[in-house]
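# Chain and residue survey
The residues making up each chain are set out below.
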Amino acid sequence: MHRLQSLMQREWLQHRYGWLMMAAIPLALALLLLGFGQVQVEAGEMAAAGDALPALVAGAAIAGSMAVIFLVAAFSSLVIVSNLARRDHADRSVEFWLSVPVSHSESFAVPLMVHLLLVPAAALLIGLLGGYAVSFLLVSRVVGTAAWFSLPWSVVVPASLALMLRVLAGLPLAMLWLSPMILLVVLLTAWFRRWGWVILVVGLGLGSAILKFVFGQPWLNRLSSDLIRAAGRSLIHGDQGGFVVDGASQGVEALRLLPSWALADFGAALQAMATPLLPAAVLFAAGCFYLLVQWRQRGAGGAG
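Residues numbered from 1 in each chain as written. Predicted model: local features only at pLDDT ≥ 70, side-chain atom pairs only at ≥ 80, totals over all residues. Heavy atoms only, no water.

### With respect to the overall build of the protein chain
Each helix and strand counted, the protein chain has 12 helices and zero strands in total. Walking the protein chain from its N terminus toward its C terminus, one meets helices and strands in the order α-α-α-α-α-α-α-α-α-α-α-α. Relative to its 304 residues, the protein chain shows a buried fraction of 41%. In the protein chain, once contacts between residues fewer than 6 apart in sequence are set aside, the share between residues at least 24 apart is 87%. Total accessible area on the protein chain is roughly 16,100 Å²; 71% of this is exposed by carbon and sulfur atoms. (Helix = DSSP H or I, 4+ residues; strand = E, 2+ residues; numbered from the N terminus. Buried < 20%, exposed > 50% of the residue type's maximum accessible area, 1.4 Å probe, protein only. Contact = heavy atoms within 4.5 Å. Areas by Shrake-Rupley, 256 points an atom, 1.4 Å probe, with all protein chains shown as cover.)

Structure follows, in structure tokens:
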């Protein structure tokens, strides 16, 4: 456990400023734009929403804040992870880390867990808390400050928490679906350095074209799109029904239904995992991870 904490602390010390900027910059920009910019809502839309307008505006602000910061953190983590195997080679610090009494599997598993799970999860929480501040400015500009304090918080808070928990619960599932592609990129960059991305893109492009036009089998393209689509549906499945709103005036009722919808949606995401594609994807990812460990055991390519 101490070794795991040390590896996690290393990630924090190495990336803490970048992580803070990922959260602070989008929130600061949103607050500045809302504080000094112009916010316009069509009169017809305001009339259609009626008394539900403040709750709808607040809900949209909170959800948008979570989505933006989560996507920024997830994309940044994927970029960082792609160079995970080779990140210590530029300054030769790989020789030090190879001498540390930490297993090779832990050296890869802990950073992967931190960047692919913990960082996006923290981004969701920060987005939720920052979303309340964004909602205050947005509701104040659209309706008035008093409207924000009179919001049905007994509905808005559970709805926003349910949305955050839904995405948080689906995050490990999404990363499980994407693990073959992520670990393949890490493996290729370990073997071929910066050429790993080129080999992957060219290989997928040529391989897909050859399979489709020569053999009439577009399964490689279909496989990649199926994995990405399954990852997205793990976060928000959206096909189970039960969340139907007839108009903007029913916005508060929609927020009230959101916790039960989120639970049913997560159940649908779990059911969608019952497919032969998932065991095959996990097996391929495990093979890539094994090859990464073997590469590190051989001295990380001679520490070159």
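### Remarks on the nonpolar core
Formed by 70 residues in total, the largest nonpolar core has its most connected members in A85, F108, W177 and L292. Mapped onto this core, the elements with two or more residues apiece are helix 1 (2-36), helix 3 (53-82), helix 5 (104-142), helix 6 (145-149), helix 7 (153-192), helix 9 (219-235), helix 10 (251-271) and helix 11 (277-297). With 17 residues, the single largest contributor to this core is helix 7. The contacts of L292, once residues within four sequence positions are left out, are A85, F108, L183, V186, L187 and A190. (Core = buried A, V, L, I, M, F, W, Y, C linked by side-chain atoms within 4.5 Å.)

### Section: the side chain of S179
Inspection of the secondary structure puts S179 in helix 7. Classification of S179 by relative accessible area gives buried; the value is 12%. Separated by 2.7 Å, the side chain of S179 and the backbone oxygen of L176 make a polar contact. (Polar contact = N/O pair within 3.5 Å; in protein donor to acceptor, adjacent residues only side chain to side chain.)

### Structural notes on a nonpolar patch on the surface
Where nonpolar side chains cluster on the molecular surface, the patch consists of W191, F192, W195, V198, I199, V202, L206, Y290 and L291 and spans about 880 Å² of accessible area. Going through the elements one at a time, helix 7, helix 8 (195-213) and helix 11 are the ones with two or more residues in the nonpolar patch. The dominant element in the nonpolar patch, judged by the number of residues it contributes, is helix 8, at five residues. Topologically, F192 is positioned in helix 7. (Patch = residues over 30% accessible without salt bridge, like charges linked within 9 Å, V, L, I, M, F, W, Y side chains within 5 Å. Salt bridge = Lys/Arg side-chain N within 4 Å of Asp/Glu carboxyl O.)

### With respect to the confidence of the model for the protein chain
On average, residues of the protein chain carry a pLDDT of 84, and 83% of them reach 70 or more. Predicted confidence in the protein chain is weakest over helix 2 (residues 43-49), with a mean pLDDT of 51, and strongest over helix 7, with 94. (pLDDT = per-residue confidence, 0-100.)

### Remarks on the pattern of salt bridges
In this structure the tally under the stated criterion is four salt bridges. The shortest N-O distance in the salt bridge between E11 and R87 comes to 2.5 Å. Of this pair, E11 sits in helix 1 while R87 sits in the loop between helix 3 and helix 4 (94-99), and the two are 76 residues apart along the sequence. Both residues of the pair, E11 and R87, count as buried. With a closest N to O distance of 3.0 Å, E253 and R256 form a salt bridge. With E253 and R256 both in helix 10, this residue pair falls three residues apart, about one helical turn. Owing to a relative accessible area of 37%, E253 belongs among the partly exposed residues under this scheme.

### A look at the packing of helix 5 against helix 11
Between helix 5 and helix 11, whose axes approach to 8 Å, the crossing angle comes to 125°. Viewed along their axes, helix 5 and helix 11 adopt a mutual orientation that is oblique. As helix 5 runs across helix 11, the sense of the crossing is right-handed. On helix 11, the residues that touch H104, S105, S107, F108, A109 and L112 of helix 5 are F289, L292, V293, W295, R296 and Q297. Residue classes in the contact of helix 5 with helix 11 are distributed as seven nonpolar, four polar and one charged. (Axes fitted to C-alpha atoms, helices over the stretch in contact; angles between N-to-C directions. Parallel < 35°, antiparallel > 145°, perpendicular 65-115°, else oblique. Left-handed = near helix turned anticlockwise from the far one by under 90°. Nonpolar A, V, L, I, M, F, W, Y, C, P; charged D, E, K, R; others polar.)

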